[in-house]
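Residues per chain are reported as follows:
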Amino acid sequence: MKKNCFILLDTNICIYRTLAYVEPRILKRELLDKVTDKIDILTNNNLACKIIITTTIINELRNQEILFWEISQFCMNNLHHKSGDYKTLRIFEKAKKSINKFLIKYQIGKELIRILGDSRLDLTEINNFYLNYPEKLNKITQNKVMKLKQFQKDKKLRERPNNLPEENDRILLSEAIKINNSNENDVYIFSNDNDFIEFVEEIKTKFNVKILKLFDSIEEEDS
């Protein structure tokens, strides 16, 4: 990985990083610690990468319904909490305070905001790109809804028309493409979402945007 590259954080990375700090008693910490370790490496003097949280991700994380959903899913899947129990609610309340500080620290600057404009208007090429892989998209969608209750499953399917990634994920990719086209430095999306990590080579080939995965070494990311 080259110095001074841009690293756009996906929602899940911001949440994992926050959980790593607000709930130190979490036993299965491999995923959480991997996020914090990687951010530390990316921002040290040797790499000095520019960590960016775009307005799209900021708005998503400041939506308490979305934030509670993401934290609840993590707690149920990884900590085996029951839906809406006290332990989950306590983690959620601490996370709300912590994540706002993180968003302020790495929020996107005004210059890049001007470059991005309204990325919701630029999704046609991205939609067409994903629709070239219907079988892979269908598999990802089925994995996402597998353990959901029926009303949650219905909501998730509405958010994924034709099995496309959720709109905010497509907007994030659009934003990464625009930043990549506006400068000479490499641009990465740091994510643990299969809508990105299952398309690493395809996104790199089509858009020259790289996907930074949790469990690869920093050195491997430049290959």
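Above: the structure in question.
Thresholds applied
- Residues numbered from 1 in each chain as written.
- Predicted model: local features only at pLDDT ≥ 70, side-chain atom pairs only at ≥ 80, totals over all residues.
- Heavy atoms only, no water.
- Pairing = 2+ DSSP bridges.
- Helix = DSSP H or I, 4+ residues; strand = E, 2+ residues; numbered from the N terminus.
- Axes fitted to C-alpha atoms, helices over the stretch in contact; angles between N-to-C directions.
- Salt bridge = Lys/Arg side-chain N within 4 Å of Asp/Glu carboxyl O.
- Buried < 20%, exposed > 50% of the residue type's maximum accessible area, 1.4 Å probe, protein only.
- 1 Å grid on protein atoms, 1.4 Å probe; cavity = no way out; pocket = protein on both sides within 12 Å on 5 of 7 lines; lining within 4 Å.
- Points joined across faces, edges and corners; volume = space filled by probe spheres on them.
- Nonpolar A, V, L, I, M, F, W, Y, C, P; charged D, E, K, R; others polar.
- Core = buried A, V, L, I, M, F, W, Y, C linked by side-chain atoms within 4.5 Å.
- Contact = heavy atoms within 4.5 Å.

1. Observations concerning the sheet that holds strand β1 (residues 6-9)
Within the open sheet, the four strands sit side by side as β2-β1-β3-β4. Their pairing is parallel. In the strand order of this sheet, the two ends are held by β2 (50-52) and β4 (210-212), each with one partner. Here the strands of the sheet are splayed against their neighbours by 30° on average, with no regard to which way each runs. Pairing geometry for strand β3 (residues 187-190) and β4, over three bridges, is parallel. In the sheet register, Ile-189 faces β4, and the bridge partner there is Ile-211.

2. Side note on the pattern of salt bridges
Within the structure shown, the criterion is met by 11 salt bridges. With a closest N to O distance of 3.1 Å, Lys-144 and Asp-193 form a salt bridge. Here Lys-144 is found in helix α8 (residues 134-145), whereas its partner Asp-193 is found in the loop between β3 and α11 (194-197), with 49 residues between them in sequence. When its relative accessible area of 25% is taken as the criterion, Lys-144 is described as partly exposed. One salt bridge in this structure joins Glu-166 and Lys-156, with 2.9 Å as the shortest N-O distance. With a gap of 10 residues between them, Glu-166 in the loop between α9 (150-158) and α10 (167-182) and Lys-156 in helix α9 connect regions that are remote in the sequence. Classification of Glu-166 by relative accessible area gives buried; the value is 12%.

3. Overview of the layout of surface pockets
Quantified by volume, the largest pocket comes out at close to 1,600 Å³. Lining the largest pocket are 39 residues; nearest its centre among them are Trp-69, Glu-70, Gln-73, Lys-144 and Lys-156. If you list the elements that add at least two residues to the lining of the largest pocket, you get α1 (11-22), α4 (64-78), α8, α9 and α10. No other element matches the 11 residues that α4 contributes to the lining of the largest pocket. Residues of the lining of the largest pocket, tallied by class, amount to 12 nonpolar, 13 polar and 14 charged.

4. As for the nonpolar core
Counting residues in each nonpolar core, the largest one holds 68 residues, and the members touching the most others are Ile-7, Tyr-130, Leu-173 and Ile-203. Excluding its chain neighbours within four sequence positions, the residues that come into contact with Ile-203 are Phe-129, Tyr-130, Leu-173, Phe-196, Asn-208, Val-209 and Ile-211.

In short, shape yes, function no, at least from these values alone.
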